[in-house]
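# Tertiary structure, described
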Number of protein chains: 2
Amino acid sequence: MFRALAHGIRRDILRRTLLGPVSVSGLALTYAMSFAAVQKHVAVLEDSGLVQKQAVGRERFVRAVPEEIARARVCLEALEALWRHRLTALDAVLSQE
Amino acid sequence: MFRALAHGIRRDILRRTLLGPVSVSGLALTYAMSFAAVQKHVAVLEDSGLVQKQAVGRERFVRAVPEEIARARVCLEALEALWRHRLTALDAVLSQE
DNA sequence: CTTATCTACAACCATATGGTTGTACGTGCC
DNA sequence: GGCACGTACAACCATATGGTTGTAGATAAG
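Let us now look at the overall build of chain A. Along the backbone of chain A there are five helices and three strands. With the principal axes as the frame, chain A shows a C-alpha extent of 70 × 25 × 20 Å. Counting the 97 residues in chain A, one finds 24% classified as buried. The contacts of chain A with a sequence gap of at least 6 include a subset with a gap of at least 24, amounting to 51%.

Taken together, the contact pairs 21 residues of chain A with 21 residues of chain B. Considering each element in turn, the side of chain A that touches chain B owes the most residues, 12 residues, to helix H5 (residues 66–96) of chain A. Across the side of chain A that touches chain B, the residue classes break down as 14 nonpolar, one polar and six charged.

Another point: the protein's contact with DNA strand D. Around DNA strand D there are 22 residues in total, and Ser25(A), Ser34(B), Ala36(B), Ala37(B) and Gly57(B) lie nearest to it. Of all elements in the fold, only helix H3 (24–30), helix H4 (35–48) and strand E3 (59–64) of chain A together with helix H4 (35–48) of chain B reach the threshold of two or more residues within the surface near DNA strand D. Tallied by class, the residues present in the surface near DNA strand D amount to eight nonpolar, seven polar and seven charged.

Take the sheet that holds strand E3 (residues 59–64) of chain B next. Residue and element names in this part refer to chain B. Across the sheet, three strands lie side by side as E1-E3-E2; this open sheet has antiparallel pairing. Taken across any chain shown, the strands that pair with only one partner, and hence form the sheet edges, are strand E1 (22–23) and strand E2 (51–56). H4 rests against E2 and E3 of the sheet, and its axis sits at about 115 degrees to E2.

Considering every residue of chain A, the mean pLDDT works out to 92; 92% of them sit at 70 or more. At the low end of the mean pLDDT range in chain A sits H5(A), at 85; at the high end sits H4(A), at 98.

It is worth spelling out H4(A) at this point. Residues and elements named next belong to chain A. Its 14 residues place the ends of H4 20 Å apart at the C-alpha level, agreeing with the 20 Å of an ideal helix rising 1.5 Å per residue. All of the buried residues in H4 are Val 38, His 41, Val 42 and Leu 45. On an axial view of H4, the arc spanned by its buried residues comes to 95 degrees, and they lie on one face. For H4, the exposed residues set more than 90 degrees away from the buried face come down to Ala 36 and Asp 47. Positioned one or two residues after H4, Gly 49 has a phi angle of 90 degrees, which is positive.

The subject of this paragraph is the pairing of strand E2 (residues 51–56) of chain A. Residue and element names in this part refer to chain A. As judged from the six bridges shared by E2 and E3, these two strands associate in the antiparallel manner. By the bridge assignment, Lys 53 is partnered in E3 with Val 62. Counting the residues that bridge the hairpin from E2 to E3 gives two residues, and of these Gly 57 lies at a positive phi of roughly 60 degrees.

Take the environment of Val22(B) next. Among the structural elements, Val22(B) can be located in strand E1. Excluding residues that lie within four positions of it along the chain, Val22(B) makes contacts with Arg16(B), Thr17(B), Leu27(B), Phe61(B) and Val62(B).

Lining the immediate surroundings of DNA strand C are 22 residues, of which Ser34(A), Ala36(A), Ala37(A), Gly57(A) and Ser25(B) lie closest. Those elements that provide at least two residues to the surface near DNA strand C are H4 of chain A together with helix H3 (24–30), H4 and E3 of chain B.

Once turned by 180 degrees and shifted 0.0 Å along the axis, chain A lies on chain B with an RMSD of 0.0 Å. What the superposition gives is, in effect, a two-fold axis relating one chain to the other. Counting the interface residues of chain A, we find that 100% of their copies in chain B are interface residues as well, pointing to one common contact surface.

This brings us to the sheet that holds strand E1 (residues 22–23) of chain A. Residues and elements named next belong to chain A. Strand order in the open sheet made by the three strands is E1-E3-E2, with antiparallel pairing throughout. Of all strands in the sheet, those bounded by a partner on one side alone are E1 and E2. By the bridge criterion, two bridges tie E1 to E3 in an arrangement that is antiparallel. Each bridged residue has a counterpart across the sheet, and for Val 22 the counterpart in E3 is Val 62. Relative to E3, helix H2 (residues 8–18) is tilted by about 95 degrees, and along the sheet it contacts E1, E2 and E3.

Calculation criteria
Residues numbered from 1 in each chain as written. Chains lettered and ligands numbered in written order. Predicted model: local features only at pLDDT ≥ 70, side-chain atom pairs only at ≥ 80, totals over all residues. Helix = DSSP H or I, 4+ residues; strand = E, 2+ residues; numbered from the N terminus. Buried ≥ 20, exposed ≤ 12 C-beta atoms within 10 Å, placed from the backbone. Contact = placed C-beta atoms within 7 Å. Nonpolar A, V, L, I, M, F, W, Y, C, P; charged D, E, K, R; others polar. Near = placed C-beta within 6 Å. Pairing = 2+ DSSP bridges. Axes fitted to C-alpha atoms, helices over the stretch in contact; angles between N-to-C directions. pLDDT = per-residue confidence, 0-100. Expected span 1.5 Å × (residues − 1). Arc of directions from axis to C-beta. Least-squares fit on C-alpha atoms with pLDDT ≥ 70 in both.

Structure representation (structure tokens):
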């Protein structure tokens, strides 16, 4: 999942699909790369769960799944909580002396 | 930076170094891989700014930089804010009608 | 001084990643 | 039916990534 977020293009696709569904070709127009390359990026995002596709006619509309973004954020918050806990533990040790 | 977070071993190193400085060899003891491999993971974390090294004698103690973790979290929060903003905008449009 | 420990770094290898082009298939339009 | 469009997928290529081993330097210990 962090792997999916590790690429700037994919984060940009996430931003765009957070604002509303966009077709794969609609996305592809923006970037200086082939349609197939964009398709692959969307596939990576889809595999990670950050994005879903919905078929409408011959088009596939991509939309972000904000709950999954929240999962990543929560993961980082847990790390930060670890840090705060470490500080708290240090406080406890120091206050004992 | 998300790239650095994309590997489980590196996230584990982050967790451990959040709790307090650990030497590179101290980290390496835990993992079923060579010292050099762990060294590389630490280097990736260091390049991303998520971790810093401090020389003490012949050892290098690795410590996490929580501010950098916060930066990644804030980035995800910005994405979520985008989502909430999109909902708000939709509300605005609907309430006009 | 000698030896063991911790680190750094280079060379090498297998596989993953990010891109390309080409082909095929379903769908909308004339 | 015929054609353009949107998508899917495979094959291919260059480079990045994640691992290994080996060598060498700096420092601690005996």
